[in-house]
Amino acid sequence: MSRLLAIEVGGTFTDAFSLDLAAGEVRTAKVPSTPRDPALAVQSLLEGPLAAAGGEEGGSEFLHGSTVATNALLERKGADVALVTSEGMRDVLELQRGDKRRIYDLLYEKPKPLIRRSRSFAVSERLGPDGAVRVPLDEAGASAVAERIAALDLEGVAVCTLHSYANPEHEQRIGALLERALPAGTPILLSSDLVPQFREYERANTTVMSAYIAPRVSTYLDRLEAAVESEDLRFFVMQSNGGVVPPRGAAERPINTFLSGPAAGVIGAAAAAGREGVKDFITLDMGGTSTDVSVVRDGRPQMVSQVEIDGLPIQAPAVDMTTVGAGGGSLAWTDRGGMLRVGPRSAGADPGPVCYGWGGTEPTVTDANVVTNIIRGSQQIGGQVELQAEAAAEACASVGEPLGLDPLSTADSILRIADQHMIGAIRLMTTERGLDPRDHALVAFGGAGPLHAARLARDLGIPTVIVPQHAGLLSAYGLAIAPIVRHHARTAIRPLAELTGEELGERFAELEGDARAELSEHGYASEGIEVRRELDVRYHGQGYELTVAIGAGQAAVDAIAAEFHAAHRQRYGYARESEPVEVVNWRVIATIERADASELLLRDAETGGVAAEESIYVNGEWIPARFLPRADVSSEPLEGPVVIEEPTSATFVPAEWTVRRGDSGSLILTRRDNR
Amino acid sequence: MNTIRTDPATFTILSQGFGAIAREMSSTLIRTAYSPVIREAADASTSLLDPAGRVISQAENIPLHLNSMEPAFRACDEKLDRDRLSPESVWITNDPYRGGGQHLSDIFLFSPIFYADELVGFAGSVGHYVDIGHSRGFNLHAADIYEERMLFPPSQFSLGSDWNGGLFERLIAANVRMPEATIGDLNAQLAANHVGAARFCELVERNGAAVVQMAIEDFLDYGEGQMRAEIEAIPDGVYEAEEFLDGDGLTEEPVRIAVQARVEGSECTVSFAGTAAQVQTALNCPRASTVSAVRSAMKCVVTNADLPLNQGFYRPVVVEDAPLGSILNPQPNLPVEARALAAVRVFTAVVKAFSACVPERVNAPGFDTRTAVDFHYVRPGQPYVAMSDLHGGGYGAGADLDGADQVDDPLGNCKNTPVEALEAAQDFFLVRAYELRQDSGGAGRRRGGLGALRSYEMLRDGVFMTLYSDHFKRPAPGLFGGLPGAPAEARVVRGEEEIELKPTGSTELKAGDLVEVRIGGGGGYGPPGERDPELLAADIEDGRVSKEMAESVYGQSD
């Protein structure tokens, strides 16, 4: 490999990283995203700052993450598709789960289904929960449905019948009949193939959503592939599970490409923290409009098997993440009852914070940082924008005055409230899951994360904060180093007492076979594939499962109960060891590590800047603080208060903290009174 | 506007912290519960209360539960001795007549929160129990509450000595048909309370008891201030409405629920003159349910749905007691199991009353009925199985939007149970259909939401089914010229035979029986002739409205 190129398209900015191995040169770039056609920003990067220096001998890798799937969904601009389901169930997408998100809303609106009701069809057939056929498939009826769908001239069909996770035969037969009736090449997606897991609404929605966004994702990836085409280029697409796949894999399972940017950030954080020897940590990714929080244990991001986008559930493996509407651009305001609030509305990129002078009038979190001078008012943003500290202070004054606050106290209050939103998200991901935040480090990134991290850590009792190199571009870095990962999971509800090592082996062998077959289709030999096994387990009668990792053989079966009781005790505070336990979902995770470039990529970037001393407003008083370029921090600890500045972010080290450069170039912040 | 004494940032942070605690309690309860009715349908609620029993925050689960947390607590507080409270104590009640309870199936648990030996608050939770002994499921013919369920008067028990194998736990376990599920769900409530107490102590630890106390007072005043400002904006006057239940289950004489909402300045007093007398069947609605229904309706009509609810929101709303002997304040110990039916009529009537002064804020009456379909089955030598399948219905249309199709009623917020989960949990029935009912939404300029058909095929003889529902005879009415939604129906198809079911009752089923429950739709808003032709065309294409109805009711030509 001669060159590595990672481009991550976010909602506001497109971040990029390139590594020229021959020259040993790392380049980074951050440009505004082009939401109407995300490929434009990518192309401009490829032709501009990231244009290849010379020949591409030895091949190169292009890694990409984008919000194309999310945009198609949010704007309801997906493909025109149909659903085929079991007789009696055609309204599965309309009925949803029957509850409301806002209980005191008389004018309640349900999440809008992806397809209209007239695009939903039913065929007579029925399976039981064990997969046994209760009503045979009505072939003639299914053919007639296929003909009716063919007449509609659609872009794809999703098939989801009841209990198909236990027996795919009816769906497969319906699929074959559809294939016969529809023009060649029309995508036909079977739920038993995509997500063989129980709960019919969630599975049907996932299958329909796949069909709905697949053509948009494919078209986009094809275009991009053509644009970056060169000899020996390997193209990869980021997924929500923290790994990449070749574009064909992404086009086949487009639902896995939602939320890929935040997942890439977590992968980047795991690599950077791992190089400092830290395996258990919380990630804090604070951007312009929101903050994402996740937890990494023993070097592995915590995962979930279902996520929700725009009110619609998707059964897709994803890095478990909580998002709160508190970012640098989040607006401060006072509600009618006199409560000072921050977010969830954001000033976004336009008009942006007041201090940018682009027309914003309401104060943002960034403005509060400018008023307190933690972001220096004398500084320029991106070397161009003169910060308007006075305008920021005036905006704070207008919000604070009715509350009896001066501009400085207002700014301080805004920061405290924004901090508390993030602390709430961290508690949700830790204490609410039986984890103690104090047993973790906090890894902060995104443009604003490192400014707030030490203050959050102090409140949470977290002793260490790590700010990776390129903290403002960590998603692109994570993208550059992400391994190839595929999850294969299936529901088979089995009492643990009846389970043998043999059955365990057979069921996992089947899933593993699927995983290896898929990767081999993408051109990967079996040897390099690492396969992990997981089970989702619960007490018989419970409705939610906990995931346990598992090995092979009878010993593995014997270990399940103890692992599950322990996980249950950690999560919920108790275990019932005499209760029957059952296995619900079976999962394998197949991983192929790519060439490890994490160290090369972490070479110190040239940050520029000069040291300075100015006052900052902290805890109700102005105190002197040093401002240093990142390159000035060495392995010798410096005492706060100090602010470390770099082009895409800044790190605030409060008075009771020290900062030093870690072995791999991360900033390591340590609380001095480490209790 | 600003009477808040707490430092602004601290006030915001603590107010949001109170809400987060109630939400964490709720997620703990639902995730650790055993019964499908809690773990899948989420028929459970949690609140944080201050030492005086005032509601500080609630998780947004079931309005009918949530807004009666305070009467249940108050009854316990009056009957029990605070001096005997320790961190191991739990207060329990489900008594509708002496204990501020609703129906016996809803059990309230309150755990005291101690910080440095000081009582600083209570963590409260309530869950719905499909079985706690006595009658199997809903018993229309129960003569009194003693025939309905096991009764827990306001009482104190100790986790140390009475639970975990202690007398109280053993007594409950011995008197219910599914002890694992019942005790498991009670443990889930206790786990929720435990989490609430731990989190609240952390909040006190971080901020100091005095600051937290002041923030609570400010937060309740803040709620009160918002509520008063909104009521103030409504013109003074007396606004009235009436609603009807189909009957008491024995006769088909409609049961009238009448409300009068008197708005004066920033206060509103709600009374029930003209409401029907108590009935001999389980449709009575005890005082706590009535109060909860009014408070829920006032919150919906008056304030922005996003504002978190606390005790302060209750202060400007006076709910007068209906006279003792009214269906909304029955005499002890008349049966009450189906109290949700009358309670939601109170809700709908309050909303409807306000249509006269704030028509843009309200919707037309929806189906607004809890339909509970319970199946009980036991094979000799096998564990007893009881499944509760809960349904809402079509929502009423608003001034600018069609009613939502088949969601839970406005006083509930239960999820439906996935067919695949329902069938994996038992082997005596299948769900054969779960579909929207064409033409069930009330016609109007804006159309009412559609109701759904749910049908169940029995696989065994001897399944015992209980049902309560309403709006079989008198459907949800329309508003401002809108037409009523479709009424509900239920029947058993047994071979050639079709057995019509009444909205309330029970029946023994045979293998092969098909039970069809058709839920009704919501009322329309405004005259059907004014419906936008494009919306009507979309309704026809999507099968929500038939061509026949488009012609006969909407007057569509061609």
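Residues numbered from 1 in each chain as written. Chains lettered and ligands numbered in written order. Predicted model: local features only at pLDDT ≥ 70, side-chain atom pairs only at ≥ 80, totals over all residues. Heavy atoms only, no water.

### Examining the environment of L190 of chain B
Residue and element names in this part refer to chain B. In this fold, L190 is placed in helix 6 (residues 179–207). Sequence-wise, L190 and L109 are 81 residues apart; in three dimensions their C-alpha atoms are separated by 7.5 Å. Setting aside residues up to four positions removed in sequence, L190 forms contacts with V90, L109, L159 and W163. (Helix = DSSP H or I, 4+ residues; strand = E, 2+ residues; numbered from the N terminus. Contact = heavy atoms within 4.5 Å.)

### Overview of the sheet that holds strand 7 (residues 237–245) of chain B
Residues and elements named next belong to chain B. The mixed open sheet is built from 4 strands, whose spatial order is 7-8-9-10. Edge positions in the sheet fall to strand 7 and strand 10 (317–319), since each has one partner strand and no second. Recorded for the sheet is a direction-independent mean angle of 15° between the axes of neighbouring strands. Alignment of strand 9 (residues 267–271) against strand 10, held across 3 bridges, turns out to be parallel. Looking across to strand 10, one finds that C268 is bridged to V317. Its contacts with the sheet put helix 7 (residues 209–232) on strand 8 (255–264), strand 9 and strand 10, and the angle it makes with strand 9 is roughly 80°. Those strands touched by helix 9 (residues 339–353) are strand 7 and strand 8, and its axis lies near 145° from that of strand 7. (Pairing = 2+ DSSP bridges. Axes fitted to C-alpha atoms, helices over the stretch in contact; angles between N-to-C directions.)

### A short note on the pattern of salt bridges
All names here are of chain B. Counted by the stated rule, this structure contains 90 salt bridges over all chains. Across the salt bridge formed by R454 and D389, the nearest N and O atoms sit 2.9 Å from each other. With a gap of 65 residues between them, R454 in strand 14 (residues 452–458) and D389 in strand 12 (residues 385–391) connect regions that are remote in the sequence. Under the relative-accessibility criterion, R454 is labelled buried at 1%. Owing to a relative accessible area of 3%, D389 belongs among the buried residues under this scheme. Taken together, the salt bridges that share partners define one network made up of R437, E489, R491, E498, E500, E516 and R518. (Salt bridge = Lys/Arg side-chain N within 4 Å of Asp/Glu carboxyl O. Buried < 20%, exposed > 50% of the residue type's maximum accessible area, 1.4 Å probe, protein only.)

### A closer look at the sheet that holds strand 18 (residues 504–509) of chain B
Residue and element names in this part refer to chain B. Spatial strand order, 12-11-15-18: 4 strands in an open sheet with antiparallel pairing. With one partner strand each, in any of the chains shown, strand 12 and strand 18 form the two edges of the open sheet. Going from strand to strand, the sheet's axes swing by 15° on average, the running direction of each strand aside. Bridge analysis of strand 15 (residues 463–468) against strand 18 gives 6 bridges, and the strand direction is antiparallel. Within strand 18, the position partnered with M465 by the bridge is T507.

### Section: the nonpolar core
One finds L442 and L535 of chain A together with F18, F110, F200 and F354 of chain B to be the most contacted residues of the largest nonpolar core, which totals 252 residues. Among the elements that take part in this core, helix 9 of chain B stands out by supplying 11 residues, more than any other. Residue contacts for F110 of chain B: discarding those within four places in its chain leaves L49, M69, A72, F73, C76, S89, V90, W91, F122, A123, G124 and N193 of chain B. Counting residues in hydrophobic clusters, the runner-up holds 53 residues, among them V31, I213, F235 and L312 of chain A. (Core = buried A, V, L, I, M, F, W, Y, C linked by side-chain atoms within 4.5 Å.)

### Notes on helix 15 (residues 501–521) of chain A
Residues and elements named next belong to chain A. The terminal C-alpha atoms of helix 15, which comprises 21 residues, lie 30 Å apart, in line with the 30 Å expected from a rise of 1.5 Å per residue. Looking at the buried side of helix 15, the elements it contacts are helix 8 (247–252), strand 27 (484–495), strand 28 (530–539), strand 29 (546–550), helix 16 (553–572) and strand 30 (581–592). Immediately beyond the C-terminal end of helix 15, within one or two residues, lies G523, with a positive phi of roughly 95°. (Expected span 1.5 Å × (residues − 1).)

### What to know about the packing of aromatic side chains
Between two aromatic rings, the relevant description is the distance of the centres plus the angle of the planes. All names here are of chain A. Inspection of every chain in the model, using the stated rule, returns 28 aromatic pairs over all chains. Plain terms: the ring middles of F17 and Y477 are 5.9 Å apart, the flat faces sit at 45° to each other, and that makes the pair tilted. One end of the pair, F17, is in strand 2 (residues 13–20); the other, Y477, is in helix 14 (residues 474–481), and 460 residues separate them in sequence. You'll find F17 and Y477 in the same group, each marked buried. Ring geometry for Y539 and F564: centres 4.7 Å apart, planes at 65°, overall edge-to-face. Here F564 lies in helix 16 and Y539 lies in strand 28, a separation of 25 residues in the sequence. In this structure Y539 comes out as buried when scored by relative accessible area, which is 0%. (Phe/Tyr/Trp six-rings, centres within 6.5 Å; stacked < 30°, edge-to-face > 60°.)

### Topic: the side chain of T12 of chain B
With respect to the element layout, T12 of chain B can be found in helix 1 (residues 8–32). Apart from residues no more than four positions distant in its own chain, T12 of chain B is found in contact with M339, L340 and I417 of chain A.

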